[in-house]
Amino acid sequence: MFEYTFLDQQLHQLSQVIAKANRTFIPALEDDSHTNLAFDSLGKRILGRWINSESGKIMLTYQLTSQNFEWVDENYHIQLSVSSIGKTVSEIESEISYKLQDLNLDDSNFKDPMHYDIPEYSFKGQKIEPFSENQLNSWMHYRLIANEACHALLGHLAVNAEIRIWPHHFDTGLYVNVNSKLGIGFGLAMEDQMAGAPYFYMAGYGLQNQISKS
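The paragraphs below set out a description of the structure included in this document.

Reading the values: rules and limits
- Residues numbered from 1 in each chain as written.
- Predicted model: local features only at pLDDT ≥ 70, side-chain atom pairs only at ≥ 80, totals over all residues.
- Heavy atoms only, no water.
- Helix = DSSP H or I, 4+ residues; strand = E, 2+ residues; numbered from the N terminus.
- Expected span 1.5 Å × (residues − 1).
- Bend = angle between axes of the 7 residues up to and from the residue.
- Buried < 20%, exposed > 50% of the residue type's maximum accessible area, 1.4 Å probe, protein only.
- Salt bridge = Lys/Arg side-chain N within 4 Å of Asp/Glu carboxyl O.
- Pairing = 2+ DSSP bridges.

1. Thoughts on helix 1 (residues 2-25)
Right, so step 1: With 24 residues, helix 1 extends 35 Å between its outermost C-alpha atoms, agreeing within 8% with the 34 Å of an ideal straight helix rising 1.5 Å per residue.
Right, so step 2: Of all the bends in helix 1, the greatest measures close to 25° and is centred on Leu-14.
Right, so step 3: Within helix 1, 19 of the 24 residues are buried, leaving the element largely enclosed by the surrounding structure.

2. Looking at the pattern of salt bridges
Right, so step 1: The tally for this structure, following the rule as stated, stands at eight salt bridges.
Right, so step 2: In this structure, Lys-99 and Glu-95 form a salt bridge, with 3.2 Å as the shortest nitrogen-oxygen distance. Taken as a pair, Lys-99 and Glu-95 lie in helix 2 (residues 89-99) at a separation of four residues, close to a single helical turn.
Right, so step 3: What makes Lys-99 partly exposed here is its relative accessible area of 23%.
Right, so step 4: Judged by its relative accessible area of 24%, Glu-95 is partly exposed.

3. Thoughts on the pairing of strand 5 (residues 68-73)
Right, so step 1: Along strand 5, six of the six residues are buried, which leaves the element largely enclosed by surrounding structure.
Right, so step 2: Residue alternation in strand 5 divides its side chains into two sets, Asn-68, Glu-70 and Val-72 and Phe-69, Trp-71 and Asp-73, and both sets are buried.
Right, so step 3: Here strand 4 (residues 56-63) runs beside strand 5; their pairing, made up of six bridges, is antiparallel. Bridged to Gln-63 within strand 5 is Asn-68.
Right, so step 4: Between strand 4 and strand 5, which pair antiparallel and follow one another directly, the connecting turn spans four residues, one of which, Gln-67, has a positive phi of 60°.
Right, so step 5: Across five bridges, the pairing between strand 5 and strand 6 (residues 78-83) is antiparallel. Bridged to Val-72 within strand 6 is Ile-78.
Right, so step 6: Here strand 5 folds back onto strand 6 in antiparallel fashion, the turn holding four residues, of which Tyr-76 has a positive phi close to 60°.

Dropping the structure here:
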C-alpha cells in the first residue's frame, strides 16, 4: 500500500486548496460539510462544491491525470486552469488567488489558513512532481471501492446520504441517521499510527441515549 499511501498524503495536502475555495465562497454549515470534497471516478478528479458567481455556478476541481486545478461551469466546461506540477502548494494558492478576479470572485480571504491542522508531511513545501501511473491507479482503485462500499451500505439501509471526502482527515465517508435512535458513520480512513494502513471504519451514535447492546 506504499504507493497508495504516498499519493493519499500528497492529495490530502493538495485538496486543501479546494477546501479553501469551499470555505471562502460557500455559506458555512454547522457540520463543516460546506468544505468537503468528492472523488469523481468517471472524470478522474476530485470535486469541490458548487459556488454561486455572477456568471452562474462554478466549482473548483483537481484533475488527477493532468494534475491541473480546474474551475468548471455547470456544463463542466473549463473556465480557468492552473497546473500544480513544478509548483509548491503555496505557489498554487497564490496563482489561483490572483486569477479569482477573472471569475469575479473576491480573493481577499482565499489564502487564509483553514480552522484545522493536517499532518506535517515530509514533502511539505516541496514542488509537486508528476504522479506515477501505479500511484494514480492504486489511489483511484481504492477510493472507488470506498465509494462503492458507501453506496452498498446506503442501499442496504434504504436511506440517502452524501458520500464525501472530508478535508481534515481525508476520509471517504458518510453519516446517516438510520432511524430515530441511531446514527452511523462509515468510510475509508487514511493510514495512521493506530492501524498502520488505510482501513474501513464504522461508528454508531445514539441520537437519544446511549446505544443499547441488545
